[in-house]
Amino acid sequence: ELLTWKGLKLWGFDAFEVEKLSTITLFRKSVSQLNINLDSSPTSSSNAASFEDDVVEDDVVMASKHGCPIVLIGWALLASPYSQLAMAKNVNDQELIDDAYRAIKQRANTSVGRMARRMIDEKESKNSDQNQNGENNSDDQADKSTDAWNGGYFLPDEFEVAPRAVCRFLRKVEKEYSPRKVNPYHNNIHAADVIQSTHALIQMGGVDMALAYTPLETYSILLAAALHDVKHPGTNNNYQVNKMTELSLTYNDNSVLENMHASKASHILLALEDKNEANNGDCNTGILGAMTQEQKKMIRTSMIRSILSTDMSRHFSEVAKMTRHVEALEENIADESNFLTHIGGDKHVKLREKMLPFILHLADISNPTKPHDVSKEWADCVYDEFFLQGDKEALEDLPISPLCHRATTNRPEAQVGFMNFVVKPAFVLLARCLPNVESVVLRQLEENFNYWEDEKAKVINEE
């Protein structure tokens, strides 16, 4: 239910739940008495479960729990609707199976529906007596009117990317993120949440968004979402600069972590492509599929620009630039509901270029806009990581960064300030471009803001 195309559009999506439901116990591969292959996926859960009850406490046996939200959420989106069909078959949900096949059949009739045509041909050969009358046409029309993407992004068709290649890529990415027990906030759950939140905001643009951006641009921003915090050390740029870490020296104190994330992202993309070409002689087995060299260059350039846009030190200047671009476009249109249909012109090319990175940045800071319980858990994660950094800074005789002092940070006051001066103005601006943001995102933000205002008042009264 969480990973259906419909479920993944919801702003109330809970990435914590995906991590929890996918968590299994794994044991060190080096332990001889436990012959478990940590890299196997469908069977690893049952294997681990069968051994878990038999393990005797022993210093040699090391067990740990791991979930895979990046793999599951990323695959569900990047390989959609083929991933949707696979999941529907796995749980034998005939309604979802029919929905996926209907979308795939419609794609099979297009010039870029190679994978879809092959799948439909195989299905029809197995079901030669399948009824082919006008009923499917009416269903297809219903899909077109309610879903601009018709049940999925169809990226495997667009770029000849095998769904298995998507899985391999996402497994590699997930391994490069620390789990929650190491990084309370900047972990694999956060990355998975940003993938889904970016997708949900894109979907709020509906047909206009689908027409405004090419599949290459959509693919690029979703890859950037998956990779935007890869290899995060659990400490922020302020710590890197004050400590004069190797990273700060490498990137000259300038967007230190964001530059590192972008660099690591490029290495992951290129390493997987090189490996696949060396082993198979077929570039279609990689995450970039059959892209031309020019397309690969474009997707990397776009991805780097998008990841760098997540640097919070650039937030206010970027919001100011976006505001000027939005105002310039609004002066030229009479109907604000058609905002996205006008961003393709030469006059507003800068706005079009900045829109998707801006959406990624807002997805990255969207925790205060989520349903209360989810938002509260993210806030706990943020301050847990902040305080660990503060403890580290104190031990290393460094200045304790803002909001990182365990004893003096006022959480409710910090949350109210962050929501009021950072999050709300940015989403209000986005709502001028995507009207659905106002009714969905800003409404929830207001509820959460009221909660933290009440908490702030309680702290004042206690003092």
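The numbers attached to residues start from 1 for each chain and follow its sequence in the written order. Thresholds applied to this predicted model are a pLDDT of at least 70 for local features of residues and 80 or more for the giving and counting of side-chain atom pairs; totals over whole chains, interfaces and linings are not thresholded and use all residues. Excluding hydrogens and water, the side-chain values take into account all heavy atoms of the structure.

### Considering the overall build of the protein chain
Then, in step 1: Segments assigned H or I by DSSP are reported as helices when at least four residues long, segments assigned E as strands when at least two residues long, and all are numbered from the N terminus. Regarding its fold elements, the protein chain presents 22 helices and two strands.
Then, in step 2: The buried label applies to any residue whose accessible area, calculated with a 1.4 Å probe on protein chains only, is under 20% of its type's maximum; exposed applies above 50%, and partly exposed to all values in between. Evaluated residue by residue, the protein chain yields a buried proportion of 49% over its 463 residues.
Then, in step 3: As presented, the protein chain carries roughly 22600 Å² of accessible surface, and 50% of it is formed by carbon and sulfur atoms. With residues, only the protein chains shown are counted as cover, and all accessible areas are computed by Shrake-Rupley using a 1.4 Å probe.

### Let's talk about the environment of Glu160
Then, in step 1: Structurally, Glu160 can be placed in the loop between helix H9 (155-159) and helix H10 (163-175).
Then, in step 2: A relative accessible area of 32% places Glu160 in the partly exposed class.
Then, in step 3: As a C-alpha pair, Glu160 and Val112 span 48 residues in sequence and 9.3 Å in three-dimensional space.

### Some thoughts on the nonpolar core
Then, in step 1: We define a nonpolar core as any set of buried Ala, Val, Leu, Ile, Met, Phe, Trp, Tyr and Cys residues linked to one another through side-chain atoms lying within 4.5 Å. Within the largest apolar cluster, 98 residues are counted, with the highest numbers of intra-cluster contacts made by Ile73, Leu201, Tyr219, Phe339, Met355 and Leu430.
Then, in step 2: Whether two residues are in contact is decided by their heavy atoms, any of which lying within 4.5 Å being enough. In this view, Tyr219 contacts Leu78, Leu155, Phe159, Val161, Ile287, Met291 and Ile299; residues no more than four positions away in its chain are not counted.
Then, in step 3: Leu85, Tyr101, Ile104 and Ile120 belong to the second largest nonpolar core, which has 13 residues in total.

### Focus on the pattern of salt bridges
Then, in step 1: Salt bridges are defined as contacts in which a side-chain nitrogen from Lys or Arg sits within 4 Å of a carboxyl oxygen from Asp or Glu. Within this structure, the stated rule accounts for 20 salt bridges.
Then, in step 2: Across the salt bridge formed by Asp193 and Lys370, the nearest N and O atoms sit 3.3 Å from each other. Here Lys370 lies in the loop between helix H19 (349-364) and helix H20 (372-395) and Asp193 lies in helix H11 (residues 188-204), a separation of 177 residues in the sequence.
Then, in step 3: Look at Asp193 and you get buried, because its relative accessible area is 1%.

### What about the packing of aromatic side chains?
Then, in step 1: By convention, a stacked pair of Phe, Tyr or Trp rings (six-membered ring in the case of Trp) has centres within 6.5 Å and planes under 30 degrees apart, an edge-to-face pair has planes over 60 apart, and any other such pair is tilted. For the structure shown, the criterion picks out nine aromatic pairs.
Then, in step 2: Measuring from centroid to centroid gives 5.2 Å for Trp5 and Tyr153, while their planes differ by 80°, and the two rings are edge-to-face. Of this pair, Trp5 sits in helix H1 (residues 5-8) while Tyr153 is found in the loop between helix H8 (135-146) and H9, placing the two residues 148 residues apart along the sequence. The pair formed by Trp5 and Tyr153 is uniform in burial state, with each residue classed as buried.
Then, in step 3: Judged by centre distance (5.9 Å) and plane angle (90°), the rings of Tyr383 and Phe386 are edge-to-face. Taken together, the residues span about one helical turn, with Tyr383 and Phe386 both in helix H20 at a distance of three residues.
Then, in step 4: Residue classification places Tyr383 among the buried positions, given a relative accessible area of 2%.

### Overview of the packing of H19 against helix H21 (residues 411-433)
Then, in step 1: An axis is simply a line fitted to the C-alpha atoms; with a helix, the fit covers only the stretch in contact. Between two such axes, the angle follows the N-to-C directions and lies from 0 to 180 degrees. Two elements in contact, H19 and H21, have axes whose closest approach is 11 Å; the angle formed by their N-to-C orientations is 140°. Taken together, the axis directions place H19 and H21 in an arrangement best described as oblique. At the point where H19 passes H21, the crossing takes the left-handed sense. Taking contact as the criterion, the partners of Met355, Phe358, Ile359 and Leu362 in H19 are, on H21, Ala426, Phe427, Leu429, Leu430 and Cys433.
Then, in step 2: Counted by class, the contact of H19 with H21 contains nine nonpolar, no polar and no charged residues. Angle categories are assigned with fixed cut-offs, so that under 35 degrees is roughly parallel, over 145 is roughly antiparallel, 65 to 115 is roughly perpendicular, and the rest are oblique. Here a crossing is called left-handed whenever its near helix is offset anticlockwise from the far helix by less than a right angle, and right-handed whenever the offset is clockwise. In the scheme used here, Gly and all other residues not listed as nonpolar or charged are polar, with Ala, Val, Leu, Ile, Met, Phe, Trp, Tyr, Cys and Pro taken as nonpolar and Asp, Glu, Lys and Arg as charged.

### What about the confidence of the model for the protein chain?
Do not read the predicted coordinates in detail wherever pLDDT is low.
Then, in step 1: pLDDT is defined as a per-residue confidence score from the predictor, taking values between 0 and 100. Overall, the prediction assigns the protein chain a mean pLDDT of 87, with 84% of residues at 70 or greater.
Then, in step 2: Here residues 31-58 scores under 50 on pLDDT; set against residues more than four positions off or in separate chains, the count is 30 contacts.
Then, in step 3: Predicted confidence is poor over residues 132-146, with pLDDT under 50, and the contacts of this stretch with residues over four places away or in other chains come to nine contacts.

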